[in-house]
Amino acid sequence: MTILSAAALQAGYGDRTILRGLDFTVPPGRITAIVGANACGKSTLLRCLARLLRPEAGEVQLDGRALNRFGARDLARRLGLLPQSPIAPDGITVADLVSHGRHPHQGLLSRWSPEDDRAVARALEATGMADLAERDIDALSGGQRQRAWIAMALAQETGILLLDEPTTFLDISHQVEVLDLLVDLNRSRGTTIVMVLHDLNLAARYADHLVAMLDGRISASGSPEAVLTEAMVEEVFGLKSLVIPDPTSGKPMMLPLGRHGMRREVAE
Amino acid sequence: MTAAIAPGPTAQAILRRRRARAGWLVLVLLALAGAAVLSVALGTRDVGWSAILAGVRGGTDTIAEAVVAVRVPRTVLAALAGAALGLAGAVMQGVTRNPLADPGILGINAGAAMAVVIGIAWFGMVRLEAFLWTAILGAGLAAGFVYAVGTMGRGGATPLKLALAGAATAIAASSFTVAIILPRNDIAGGVRSWQVGGVGGATWEAILPCLPLLAAGFVLCLISARSLNLLALGDEAAAGLGARVAWARASAALGAVMLCGATTAICGPIGFVGLVVPHLCRLLIGVDHRWLLPFSALAGAILLILADVLGRIVARPSEMDVGIVTAFLGAPVFIWIVRKRRVRDL
Ligand SMILES: Nc1ncnc2c1ncn2[C@@H]1O[C@H](COP(=O)(O)OP(=O)(O)OP(=O)(O)O)[C@@H](O)[C@H]1O
Ligand SMILES: [Mg+2]
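Residues numbered from 1 in each chain as written. Chains lettered and ligands numbered in written order. Predicted model: local features only at pLDDT ≥ 70, side-chain atom pairs only at ≥ 80, totals over all residues. Heavy atoms only, no water.

Visitor: So what's going on with the overall build of chain B? Residues and values would help.
Guide: Within chain B, the secondary structure is distributed over 16 helices and 0 strands. The C-alpha atoms of chain B give a radius of gyration of 21 Å, which matches the 20 Å a tight globule of 346 residues would have. Projecting the C-alpha coordinates of chain B onto the three principal axes gives extents of approximately 65 × 55 × 35 Å. Of all 346 residues assigned to chain B, the portion counted as buried reaches 51%. Carbon and sulfur atoms form 70% of the exposed surface of chain B, whose accessible area is close to 15,300 Å². Positive and negative side-chain charges of chain B, numbering 27 and 14 respectively, have mean locations separated by a distance of 13 Å. (Helix = DSSP H or I, 4+ residues; strand = E, 2+ residues; numbered from the N terminus. Rg over C-alpha atoms; globule rule 2.2 N^0.38 Å. Buried < 20%, exposed > 50% of the residue type's maximum accessible area, 1.4 Å probe, protein only. Areas by Shrake-Rupley, 256 points an atom, 1.4 Å probe, with all protein chains shown as cover. Lys, Arg positive; Asp, Glu negative; His and termini not counted. Charge placed at Lys NZ, Arg CZ, Asp CG, Glu CD.)

Visitor: Residues and numbers for helix α5 (residues 128-151) of chain B, please.
Guide: Residue and element names in this part refer to chain B. For α5, built from 24 residues, the straight-helix expectation of 34 Å at 1.5 Å per residue is met to within 8% by its first-to-last C-alpha distance of 34 Å. Every buried residue of α5 is listed here: F131, L132, T134, A135, I136, G138, A139, A142, V146 and G150. On its buried face, α5 sits against α4 (108-123), α6 (159-181), α9 (211-222) and α12 (245-267). Positive phi appears at G153, one or two residues downstream of α5, with a value of about 85°. (Expected span 1.5 Å × (residues − 1). Contact = heavy atoms within 4.5 Å.)

Visitor: Quick one: what's the story with the site of ligand 1, residue by residue and with numbers?
Guide: All names here are of chain A. In the neighbourhood of ligand 1, 15 residues make up the surrounding shell, with R16, A39, K42, S43 and T44 lying closest. A distance of 3.5 Å separates a nitrogen atom of ligand 1 from a polar atom in the side chain of Y13. Note that an oxygen atom of ligand 1 is positioned 3.1 Å from one of the side-chain N or O atoms of H198. Protein contact buries 67% of the 630 Å² of open area that ligand 1 shows by itself. When residues of the shell around ligand 1 are traced back to their parent elements, those giving at least two are β2 (16-25) and α1 (42-49). (Near = heavy atom within 4 Å. Polar contact = N/O pair within 3.5 Å; in protein donor to acceptor, adjacent residues only side chain to side chain.)

Visitor: For the packing of helix α2 (residues 49-56) of chain B against helix α3 (residues 63-96) of chain B, give the residues involved together with the corresponding values.
Guide: All names here are of chain B. Put simply, α2 and α3 touch, their axes get as near as 8 Å, and they point 50° apart. On the basis of their axis angle, the class for α2 and α3 is oblique. Considering the relative orientation of α2 and α3, their crossing is right-handed. Here A51, I52, A54, G55 and V56 of α2 lie close against α3, whose contacting residues are A64, E65, V68, A69 and V72. Looking at the contact of α2 with α3, its residues break down into 8 nonpolar, 1 polar and 1 charged. (Axes fitted to C-alpha atoms, helices over the stretch in contact; angles between N-to-C directions. Parallel < 35°, antiparallel > 145°, perpendicular 65-115°, else oblique. Left-handed = near helix turned anticlockwise from the far one by under 90°. Nonpolar A, V, L, I, M, F, W, Y, C, P; charged D, E, K, R; others polar.)

Visitor: Go over the environment of R290 of chain B with me, naming the residues and quoting the values.
Guide: Residue and element names in this part refer to chain B. By the element assignment, R290 lies in helix α14 (residues 289-314). The class for R290 is partly exposed, based on a relative accessible area of 46%. Sequence separation of R290 and R17 is 273 residues, and the distance between their C-alpha atoms is 13 Å. At 2.9 Å, the side chain of R290 forms a polar contact with the side chain of D288.

Visitor: Explain the interface of chain B and chain A to me, using residue names and the numbers behind them.
Guide: Across the contact, 26 residues belong to chain B and 36 residues belong to chain A. Between chain B and chain A, the buried area comes to about 2,400 Å², and carbon and sulfur atoms account for 59% of it. Linking chain B with chain A are 2 salt bridges, by the criterion used here. The partner of E236 of chain B in a salt bridge is R47 of chain A, with the nearest N and O atoms 2.6 Å apart. For the interface between chain B and chain A, the tally reads 5 residue pairs in polar contact (both at pLDDT 80 or more). Taken together, the residues of the side of chain B that touches chain A break down into 13 nonpolar, 6 polar and 7 charged. (Buried area = accessible area lost by both parts, 1.4 Å probe. Salt bridge = Lys/Arg side-chain N within 4 Å of Asp/Glu carboxyl O.)

Visitor: Lay out a nonpolar patch on the surface in plain terms, naming residues and giving numbers.
Guide: All names here are of chain B. Together, W24, V26, L27, L30 and L284 give the surface a local cluster of nonpolar side chains, amounting to about 460 Å² of exposed area. Tallying contributions element by element places helix α1 (residues 9-41) first for the nonpolar patch, with 4 residues. Turning to its location among the elements, L30 is positioned in helix α1. (Patch = residues over 30% accessible without salt bridge, like charges linked within 9 Å, V, L, I, M, F, W, Y side chains within 5 Å.)

Visitor: Please set out α1 of chain A residue by residue, giving values where relevant.
Guide: For α1 of chain A, the buried fraction is high: 7 of the 8 residues fall into the buried class. Regarding α1 of chain A, the residues found buried are K42, S43, T44, L45, L46, C48 and L49 of chain A.

Visitor: Any chance you could break down unusual backbone geometry for me, citing the residues and the numbers?
Guide: Of all residues except glycine, most have a negative phi; of all peptide bonds, most are trans. In the Ramachandran plot, D63 of chain A falls in the positive-phi region, its phi being about 50° despite a non-glycine side chain. D63 of chain A gets classed as partly exposed once you look at its relative accessible area, which sits at 40%. Non-glycine residue R97 of chain B carries a positive phi angle of around 55°. Counting through the fold element by element, R97 of chain B comes out in the loop between α3 and α4.

Visitor: Tell me about the sheet that holds strand β6 (residues 79-82) of chain A, residues and numbers included.
Guide: Residue and element names in this part refer to chain A. Here 6 strands make up an open sheet; going across it, the order is β6-β7-β8-β3-β9-β10 and the pairing mixed. Each edge of the sheet is formed by a strand with only one pairing partner; in this case those strands are β6 and β10 (217-222). Adjacent strand axes in the sheet meet at a mean angle of 15°, parallel and antiparallel pairs treated alike. Relative to β10, strand β9 (residues 209-214) runs antiparallel, the two sharing 5 bridges. (Pairing = 2+ DSSP bridges.)

Visitor: Tell me about the state of the cysteines, and please be specific about residues and values.
Guide: Structurally, a disulfide amounts to a covalent bond that connects the sulfur atoms of two cysteines. Scanning all chains against the criterion turns up 0 disulfides over all chains. Here C40 of chain A is not disulfide-linked; the sulfur of C48 of chain A is the nearest cysteine sulfur, at 13 Å. Residue classification places C40 of chain A among the buried residues on the basis of a relative accessible area of 4%. We note that C221 of chain B lacks a disulfide partner, and the nearest cysteine sulfur, in C260 of chain B, lies 8.3 Å from it. Accessibility expressed as a relative area gives 0% for C221 of chain B, which makes it buried. (Disulfide = S-S within 2.5 Å.)

Visitor: Residue-level account of the pattern of salt bridges, with values.
Guide: Here the structure, examined in full by the defined rule, presents 21 salt bridges over all chains. D308 of chain B is paired through a salt bridge with R312 of chain B; the nearest N and O atoms lie 2.9 Å apart. Pair noted here: D308 of chain B and R312 of chain B are both in helix α14, with a separation of 4 residues, about one helical turn. The structure contains a network of salt bridges with shared partners spanning R102, E115, D116, R118, R122, E157 and R189 of chain A.

Visitor: Can you break down the nonpolar core residue by residue, with the values?
Guide: Within the largest apolar cluster, 107 residues are counted, with the highest numbers of intra-cluster contacts made by M195 of chain A together with V91 of chain B. It is α12 of chain B that provides the largest number of residues to this core, a total of 9 residues. Non-local contacts of M195 of chain A, meaning those with residues more than four positions away in its chain, are made with I31, T32, A33, I34, L163, P166, L179 and L182 of chain A. Membership of the second largest hydrophobic core comes to 29 residues, among which are L49, A50, L62 and L67 of chain A. (Core = buried A, V, L, I, M, F, W, Y, C linked by side-chain atoms within 4.5 Å.)

Visitor: If you had to explain the coordination of the magnesium ion (ligand 2) to someone new, which residues and values would you point to?
Guide: Within the protein, S43 of chain A (OG) and Q84 of chain A (OE1) serve as the donor atoms for the magnesium ion (ligand 2), at 1.9 to 2.2 Å. Pair noted here: S43 of chain A is in helix α1 and Q84 of chain A is in the loop between β6 and α3 (94-100), with a separation of 41 residues, a long-range link. (Donors = N, O, S within 2.8 Å, 3.2 Å for Na, K, Ca; no water.)

See the structure below:
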């Protein structure tokens, strides 16, 4: 099982440092959810883990080897990434997009193999996109498009999958569907999953391991029960809340307290 | 044959498309042959078939044969230049993810022409080899400058910002070119041929030195096809799939710059071929660069040969430079592309 870890990671853009000395080991074979306020550096962390961004200091290692010692394709066979806002080019079909996931498995000259074909078919099946395979990407709804991208990442068949907000654009039923799909993937193939989520309750329900980020640092990490607390929500999001057990899963569930819409007893 | 793994749906789709594309390939090759025949046969002077056959074999006994003998290198140059510009346009559109990219619009050809003119006027350059390297340098500088200017400010290099930066650079470079040449009657080729590109007056002596550079440019561009397919998904997704983004961009752009520079060094700046051709090819065979790039080269050759023939016919007994003809053909296509939804969004 592959282990991805960052030590004393410092990274940013130009002279703006975003991550300041961050230590993080991705629990292998588990599902990790990263939560935190906008602009706290979640995507930046994911970019460093996927080697899209070169750290200013510190190091990311995959199986004890520095990330920058891997070849591009070699890394892409081990570690897949779904960016927060990928670009869907004009004029390609869902099947075309998903086939791109096979790129790291193909040699410079090698052709499309039956194994590639099977991987694409599996990915389309798993995401429920098989019927839409010949549709143009531009002719899909936002949610269908998101599932097509996830299918592409699945077709890559990597041991580790990093997903930046895989449930944006999705209605609640498709959010649940995508998260269920990721759990299936994790259970059946042992894929290590790291995802950024904004919905704390879904994160607590689906993740084995929860990481809360604040201003480029990890402010809490551990089991959802240990991390999702009223104190954490107040610290990380500056929001008062009520955390109770989710009656459906037993995991913690966060109910935000605003200035309006509360019952009087709660507001006091 | 190994036995019976039935091709899955994706493999079937690939096969189906491959057949359709092979069909188009045959058609395009036939069209190229037809265009070449037209280009040798038609011109400001009418010649008979016997003179054409003799002229192609190099005969120069009669005026008619001599005319044909001149048309042969001219046709070859038009084909090479058209292929180079069509391919360079397709590569630039891929590298910048910008449907408006074109060696003319982005000011690259104008930059190359200006560099050559500066070399001639200020440094007394006379050798064609020197023209070539100077043109490539000018093309590269123009490309870098336009990209840097177009990337400044919010939102990075949007298509319209790049196109505006390119257009401004093109105008500035060609005005500067004119300003250098106007007071100098001695300069080779005169003002016009460095302002409007043409393939008239082509000779084998001028074509041969360009071939190695053109060949290198073609190779660099064609081998970038797969990376361009990945770059279309955005830099992050491309890197996640194992593309070396910066390297792929740089080598593809270098290939395109070499093609533009070499072409401009012999023909002068020719615009719009690189814009029109890839868009037409996408309509025919789709967006896969492994097909799009070779098709753009072939279709570029056809377009430039036909545009040259048209320029010889419409302005009889004189000729119209092919650069003017391509501008006439390209302007409406430019407008059509800008009006399409996607560009307006960006
Ligand atoms: N390409 C970039 N260039 C410069 N600054 C950037 C870039 N990408 C992000 N930033 C800045 O880095 C900071 C952290 O951004 P990041 O994308 O990591 O946040 P995030 O936690 O993913 O936020 P969100 O929840 O909105 O996606 C922000 O202040 C952002 O403005
Ligand atoms: Mg983000």
